[in-house]
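Observations on the three-dimensional arrangement
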Amino acid sequence: MKNYKLLTPGPLTTTETVRKEMMFDHCTWDDDYKAITLKIRKQLLELAHVTEEDYTVVLMQGSGTFGVEAVLTSVIGEQDKLLIVANGAYGERMEDIAKHAHLSYAIYHEVYNQIPSAEKIAEILEKDPAITHVSMVHSETTSGILNDIEAVGKVVKAKGRTFIVDAMSSFGGVDIPVKDWGIDFLVSSANKCIQGVPGFSFIIANKQKLIESEGKARSLSLDLYDQWKTMNKDGKWRFTSPTHVVLAFSKALDEMLEEGGIPARSKRYYDNNRLLIQRMKEMGIRTYIDQEHQGPIITTFLYPENHAFAFQDMYKYIKDRGYAIYPGKVTEADTFRIGNIGEIYEEDIEKVCSIMKEFLEGR
Ligand SMILES: *Cc1c(COP(=O)(O)O)cnc(C)c1O
């Protein structure tokens, strides 16, 4: 099979050295292995600009959704009420989780190409004192918009509520001072901006709030407190851990630090993204999100006018030449998406744009 690079927001293209780490069958209760889990948790705290004093890290088996579900169903108790802020499919998935777990919740929907308003959230919290928690997505991968979690975090803290952020596709690619922005629980996963492979999610948690959640979990396997309590002893996971994925992730973290940490990675992603949007614009292809709120991770493009073509045809044409792109996910317009995270550089962006140009000219 012909190899191709992924221009998708995770799983994404990883380095060969990260993939090679998985050629080792580690024992789960071995001290060397447990030390890797402890090291990962420590490195994640540093990337989040928080200390062991008031924050901690929990790793959770499964993809990113398992991490979001673990937080929502473990920290929101019987007497609590959640405000879900949604301007895309991932915000809406939180509502799905809330429904399945019978959580008490309210939802503030925003249109997909607008960022949720912090003032509006302040008003909702003012009017409904029963709300104890607020959850929202940072980088809405549905559209590529980057929501203003800093402004919302300020409001949530000022009103004394708990703030939960799905930073799945942004953590590591966009700098997030977790404590300064008032975030109590931040969820991300192994296969996004840290550039590991899929298999677990991680939660950066306000330690006090995590401890207060003891006994509230509505699920055994997704019990965040229980998972932390076991893992915090010596790095042994509660149930079988994805050993190969953990090894790959540890290597990916080291490579990220070698690259220059979040500032360097973020710059690479922003540079990729700017170049991509520029080249597309030159072909008459416009973005769905305005420049002001466009995030650096993934971009939704509107189909060019006068170019009626099927996504599948374009996908295949580009894939045959070495890159996989993504279908659109917004409902009100015909779109496709291109991600620019992972082991992707400006030369890849130039290449995929010239393939795209060739495809359009051949029509
Ligand atoms: C990737 C992603 C998730 C998790 O999706 P999974 O398919 O469970 O990995 C959640 N939220 C956002 C914003 C994402 O980009």
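Residues numbered from 1 in each chain as written. Predicted model: local features only at pLDDT ≥ 70, side-chain atom pairs only at ≥ 80, totals over all residues. Heavy atoms only, no water.

Let's shift gears to the domain arrangement of the protein. Structurally, the protein comprises domain 1 (5–9 + 261–361) and domain 2 (16–257). The straight-line distance from the C-alpha centre of domain 1 to that of domain 2 is 27 Å. Contact with domain 1, which involves 24 residues of that partner, is made by 26 residues of domain 2. Considering only the surface of domain 1 that becomes buried against domain 2, Ile262, Arg265 and His293 emerge as the three largest contributors, covering 30% of it. On the surface where domain 1 and domain 2 come into contact, there are 13 residue pairs in polar contact (both at pLDDT 80 or more). When residues of the side of domain 1 that touches domain 2 are traced back to their parent elements, those giving at least two are α10 (261–282) and β11 (298–302). (Domains from an automatic or database assignment. Contact = heavy atoms within 4.5 Å. Buried area = accessible area lost by both parts, 1.4 Å probe. Polar contact = N/O pair within 3.5 Å; in protein donor to acceptor, adjacent residues only side chain to side chain. Helix = DSSP H or I, 4+ residues; strand = E, 2+ residues; numbered from the N terminus.)

Moving on, we come to the nonpolar core. If you look at the biggest cluster of nonpolar residues, it comprises 53 residues, and the most contacted ones within it are Leu44, Phe171 and Ile204. Ranked by residue count, the leading element in this core is helix α9 (residues 243–259), at eight residues. Excluding residues that lie within four positions of it along the chain, Leu44 makes contacts with Val57, Leu59, Phe171, Phe202, Ile204, Phe249 and Leu253. In terms of nonpolar packing, the next biggest core, distinct from the first, is built from 27 residues, Val58, Ile164, Leu210 and Leu222 among them. (Core = buried A, V, L, I, M, F, W, Y, C linked by side-chain atoms within 4.5 Å. Buried < 20%, exposed > 50% of the residue type's maximum accessible area, 1.4 Å probe, protein only.)

What the rule picks out here adds up to one cavity of 30 Å³ or more. Quantified by volume, the largest cavity comes out at close to 40 Å³. Around the largest cavity, the lining residues are Thr28, Tyr33, Lys236, Trp237, Phe239, Thr240 and Ser241. Of the residues in the lining of the largest cavity, the class split is three nonpolar, three polar and one charged. (1 Å grid on protein atoms, 1.4 Å probe; cavity = no way out; pocket = protein on both sides within 12 Å on 5 of 7 lines; lining within 4 Å. Points joined across faces, edges and corners; volume = space filled by probe spheres on them. Nonpolar A, V, L, I, M, F, W, Y, C, P; charged D, E, K, R; others polar.)

What follows covers helix α2 (residues 31–47). Its 17 residues give α2 an end-to-end C-alpha distance of 25 Å, which sits within 8% of 24 Å, the value for a rise of 1.5 Å per residue. Of all the positions in α2, only Tyr33, Lys34, Ile36, Thr37, Ile40, Arg41, Gln43, Leu44, Leu45 and Leu47 are classed as buried. Residues of α2 that are buried make contact with β2 (55–61), β10 (200–206), α8 (224–234), α9 and α10. Near the N-terminus of α2, the side chain that reaches the backbone nitrogen of Asp32, with its oxygen 2.8 Å away, is that of Asp30. (Expected span 1.5 Å × (residues − 1).)

The predicted coordinates ought not to be read in detail in places where the model reports low pLDDT. Taken over all residues, the pLDDT of the protein has a mean of 96, while the share at 70 or more is 99%. At the level of individual helices and strands, the protein shows its lowest average pLDDT in strand β13 (residues 326–327), which scores 92, and its highest in strand β8 (residues 162–166), which scores 99. (pLDDT = per-residue confidence, 0-100.)

A word on the pattern of salt bridges. For the coordinates displayed, the defined rule picks out 21 salt bridges. Residues Glu150 and Lys154 are paired through a salt bridge, measuring 3.8 Å at the closest nitrogen-oxygen approach. Linking Glu150 with Lys154, this pair stays in helix α6 (residues 149–158), spanning four residues, or about one helical turn. By relative accessible area, Glu150 is classed as partly exposed at 31%. Arg279 is paired through a salt bridge with Glu282; the nearest N and O atoms lie 3.1 Å apart. Here Arg279 pairs with Glu282, and both are found in helix α10, just three residues apart, close to one helical turn. By relative accessible area, Arg279 is classed as partly exposed at 25%. One continuous salt-bridge network, built from bridges that share partners, spans Asp31, Lys34 and Asp234. (Salt bridge = Lys/Arg side-chain N within 4 Å of Asp/Glu carboxyl O.)

Applying the stated criterion to the full structure yields zero disulfides. As a non-bridged cysteine, Cys353 has Cys193 as the owner of its nearest cysteine sulfur, 19 Å distant. (Disulfide = S-S within 2.5 Å.)

In the region of the ligand, the neighbouring residues are Ser63, Gly64, Thr65, Tyr90, Arg93, Val137, Ser139, Thr141, Asp166, Met168, Ser169 and Lys192. Ser63 is positioned such that a nitrogen or oxygen atom in its side chain is 2.5 Å from an oxygen atom of the ligand. Residue Lys192 places a side-chain N or O atom 2.8 Å away from an oxygen atom belonging to the ligand. For the ligand, whose free accessible area comes to 380 Å², the fraction covered by protein is 85%. More than half of the atoms belonging to the ligand lie within 2 Å of the grid points that define the second largest pocket. Taken together, the elements giving at least two residues each to the shell around the ligand come down to α3 (64–75) and α4 (89–100). A per-class count over the shell around the ligand returns three nonpolar, six polar and three charged. (Near = heavy atom within 4 Å. Areas by Shrake-Rupley, 256 points an atom, 1.4 Å probe, with all protein chains shown as cover. Sits in = over half its atoms within 2 Å of the grid points.)

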